[in-house]
Amino acid sequence: MTHAPRPHSAPDATEAPATPPASTAGAFDAALRALRVWDTELPAFDPADAPDDPLELFRAWFLDAAAAGQAEPHAAQLATAGADGLPDVRTVMLHGADERGWRFASHATSAKGRQLAARPYAALHFYWPLRARQIRLRGPVETGTAEEAYEDLHARTTGALAAALTGRQSEPLASTRDLAEASEAAWERAASDPAAHAPTWTVYRLVPQEAEFFQGDARRRHVRLRYRRPSPTAPWTRGLLWP
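The rules we used
Residues numbered from 1 in each chain as written. Predicted model: local features only at pLDDT ≥ 70, side-chain atom pairs only at ≥ 80, totals over all residues. Heavy atoms only, no water. Helix = DSSP H or I, 4+ residues; strand = E, 2+ residues; numbered from the N terminus. Rg over C-alpha atoms; globule rule 2.2 N^0.38 Å. Buried < 20%, exposed > 50% of the residue type's maximum accessible area, 1.4 Å probe, protein only. Contact = heavy atoms within 4.5 Å. Lys, Arg positive; Asp, Glu negative; His and termini not counted. Charge placed at Lys NZ, Arg CZ, Asp CG, Glu CD. Polar contact = N/O pair within 3.5 Å; in protein donor to acceptor, adjacent residues only side chain to side chain. Pairing = 2+ DSSP bridges.

(A) Broad picture of the overall build of the chain. Scanning the chain from N- to C-terminus turns up 6 helices and 10 strands. Relative to its length of 243 residues, the chain is extended, with a C-alpha radius of gyration of 24 Å against a globular reference of 18 Å. Taking the principal axes of the C-alpha coordinates as reference, the chain spans close to 90 × 55 × 35 Å. The buried share of the chain, reckoned over its 243 residues, is 35%. Within the chain, counting contacts between residues at least 6 apart in sequence, those at least 24 apart form 65% of the total. Averaging the coordinates of the 27 positive side-chain charges in the chain and doing the same for the 30 negative ones gives two points 6 Å apart.

(B) Up close: the side chain of His 222. Position of His 222 among the secondary structure elements: in the loop between strand S8 (210-215) and strand S9 (223-228). Here His 222 falls in the buried class, since its relative accessible area comes to 16%. Engagement of the side chain of His 222 in a polar contact is seen with the backbone nitrogen of Asp 217, the distance being 3.0 Å. Setting aside residues no more than four positions away along its own chain, His 222 makes contact with Trp 38, Phe 214, Gln 215, Gly 216, Asp 217 and Pro 243.

(C) Just the environment of Ala 27, in detail. Along the polypeptide, Ala 27 turns up in helix H1 (residues 22-34). On the accessibility criterion, Ala 27 (48% relative accessible area) is partly exposed. Ala 27 sits 210 residues away from Thr 237 along the chain, and the two C-alpha atoms are 47 Å apart.

(D) Expanded view of helix H5 (residues 158-166). Within the span of H5, buried status applies to Ala 160, Leu 161, Ala 162, Ala 164 and Leu 165. Buried residues along H5 sit against strand S4 (101-107), helix H4 (146-154), helix H6 (176-192) and strand S7 (201-206). Trailing H5 by a residue or two, Gly 167 shows a phi angle of about 65°, which is positive.

(E) The arrangement of the pairing of S7 in detail. Where burial is concerned, most of S7 is hidden: 6 out of the 6 residues are buried. Judged by which residues are buried, S7 turns out to be covered on both faces: Trp 201, Val 203 and Arg 205 on one side and Thr 202, Tyr 204 and Leu 206 on the other are all buried. Where S4 meets S7, 6 bridges bridge the pair, whose relative direction is antiparallel. The residue of S7 that forms the bridge with Arg 103 is Arg 205.

Just geometry here; none of it tells us what the structure is for.
Structure, rendered in structure tokens:
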């Protein structure tokens, strides 16, 4: 008796996923093992000389990183929590830092905007490898006024305005052609109407309750200085952490 051939079926869900080619996996592992960090002269940092306020130290380290040639020292990782309580992270650009907090901006309708509306608490992380330095900030996030949002957007480049006017950030995109058409229209509007505004553009301020400054050391004796305060009006306390 002969049997008809069985139709092709999808792999069983329990089957192990296909592994990448050995050459790719081997090259990846070799490259990963060969990498080194902080292959440069590192700055000294004595926490005993640190100022009482972390804002002053942040500004000093930021200026030092920029002077050292660190690419995009104003880029930071912003961590929020989704509706499911799970963490989410992305890179944003710092728009300012003063006594009111560390400032960034986005659309209120974006994923991070919705997450901050539901849970107005976040963390910011800066990493400047040329100086082996990291800064971590955690605290509540406040929303700026509509006037601040307008001033923020129009203090930037035509490209930044065009990107904001394109809108629909974090929404599903059907094709790159749709993006190209919307972007082209936004660029034309930004160029012809520099006063145009994106109503959902929003300024956010992270008001830190905790700030940690990490100075890397070639012998792995890293210095970690943490500032803490329970409220914006309370004085800062500080202490060292084991690396």
